[in-house]
Amino acid sequence: MNKDKNQPQKELKSLEESYFAAISLKVEKAQQKEFKQEIKENLNIALKELKQKGAIKEVSVYSHKKAAEKHGDFPLWDYMVLIQLKDKQTEADLLPKIRTLKLSFVPEIIRMELLVTTPNSTYPIPGEGAKKRRIKPFYAVEYVDVKRNYLDEFRQIMVEKNGPAMRYIMEQAKWCHNFYALETVEVFYHNPQYPTWNQVHVIGLYPEAVIRYKRDFSMGLKLAKQISFEENFARLKEIRIMRYKSIGGKLTIFMQ
């Protein structure tokens, strides 16, 4: 008899008021192998002191192997480095350290920014079902541009509808490993050849997400706010543009 089935699922708690630094990069195809070999060692060296002080937490590199969605005429980029900070003030110490990276080539920087978690919407720790999976998740990274006049409404949709729906999926459906909903607070640099955005979402997924997403998200929305999948996303299409949604992998940087 499987005792796990009789155990109540632990309710996931959202990560609140947590700050992240993100660096979006374009790396030429001929340099992709070098980048993968060098970025881990270089980040370990550059950020070692901040890690020892407890100023930074997890550092991850997300690859953008395939474009699942793209709206606009612009070249695609290849990676996002995501650094969780102890607090907002840490960014002042982080930027000088990032400049000390010594790669054997210079990748094109698309953007450097500071982000904060959207309330009631970020769940970095997998649910009980996802923890037991024997395969690694793949990752979707969404660069979302919400119309400026509708930023408050978009946040409310995330707080009341989409965030709780994703929590339901992580707790009950088990095809979502984790979910980060991040809002841009400050842009340190942005390459004008590329589109702008003001939200970044990172979703860890398992293969069945492709066929179960709409059904399970619909149930999550119904339980959270009694709204249909169609109604919810019809409004989102009116107030935001999915600039670029990529599918790829994740490299977690373990500090020495």
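Refer to the structure printed above.
Report on the accompanying structure. In this text, all values refer to a predicted model and were calculated from it rather than measured experimentally.

1. As for the packing of aromatic side chains
And step 1. Summed over all chains, the structure comprises 16 aromatic pairs.
And step 2. Ring centres 6.1 Å apart and planes at 70 degrees place the aromatic pair Trp-175 and Tyr-213 in the edge-to-face group. Residue Trp-175 is found in the loop between helix 4 (151–173) and strand 7 (176–190), and its partner Tyr-213 is found in helix 5 (residues 209–225); the two are separated by 38 residues along the sequence.
And step 3. Classification of Trp-175 as buried rests on a relative accessible area of 1%.
And step 4. Centre to centre, the rings of Tyr-213 and Phe-229 are 5.9 Å apart; their planes meet at 80 degrees, and the pair counts as edge-to-face. Pair noted here: Tyr-213 is in helix 5 and Phe-229 is in helix 6 (residues 229–239), with a separation of 16 residues, a long-range link.
And step 5. Aromatic ring contacts, followed pair by pair, group Phe-74, Trp-77, Tyr-143, Tyr-194, Trp-197 and Tyr-244 into a single cluster.
And step 6. Lying across the ring of Phe-74, Lys-70 places its NZ or CZ 4.4 Å from the centre.

2. What about helix 5?
And step 1. Of all the bends in helix 5, the largest measures some 25 degrees and sits at Arg-215.
And step 2. For helix 5, the full list of buried residues reads Ala-209, Asp-216, Phe-217, Gly-220 and Leu-221.
And step 3. Buried-residue contacts for helix 5 involve helix 4, strand 8 (199–205) and helix 6.
And step 4. Positive phi appears at Gln-226, one or two residues downstream of helix 5, with a value of about 55 degrees.

3. Side note on empty space enclosed by the protein
And step 1. For the coordinates displayed, the defined rule picks out 2 cavities of 30 Å³ or more.
And step 2. Contributing to the lining of the largest cavity are Phe-20, Glu-58, Ser-60, Tyr-62, Leu-82, Ile-83, Gln-84 and Tyr-180.
And step 3. Among the secondary structure elements, those contributing two or more residues to the lining of the largest cavity are strand 2 (56–63) and strand 4 (79–85).
And step 4. In this model, the second largest cavity occupies a volume close to 40 Å³.
And step 5. In terms of lining residues, the second largest cavity is bounded by Ala-21, Ala-22, Ile-23, Leu-94, Leu-95, Ile-98, Met-112, Glu-113 and Phe-188.
And step 6. A breakdown of the residues in the lining of the second largest cavity according to their chemical character gives 8 nonpolar, no polar and 1 charged.

Cut-offs applied
- Residues numbered from 1 in each chain as written.
- Predicted model: local features only at pLDDT ≥ 70, side-chain atom pairs only at ≥ 80, totals over all residues.
- Heavy atoms only, no water.
- Phe/Tyr/Trp six-rings, centres within 6.5 Å; stacked < 30°, edge-to-face > 60°.
- Helix = DSSP H or I, 4+ residues; strand = E, 2+ residues; numbered from the N terminus.
- Buried < 20%, exposed > 50% of the residue type's maximum accessible area, 1.4 Å probe, protein only.
- Lys NZ or Arg CZ within 6 Å of the ring centre and 35° of its normal.
- Bend = angle between axes of the 7 residues up to and from the residue.
- Contact = heavy atoms within 4.5 Å.
- 1 Å grid on protein atoms, 1.4 Å probe; cavity = no way out; pocket = protein on both sides within 12 Å on 5 of 7 lines; lining within 4 Å.
- Points joined across faces, edges and corners; volume = space filled by probe spheres on them.
- Nonpolar A, V, L, I, M, F, W, Y, C, P; charged D, E, K, R; others polar.

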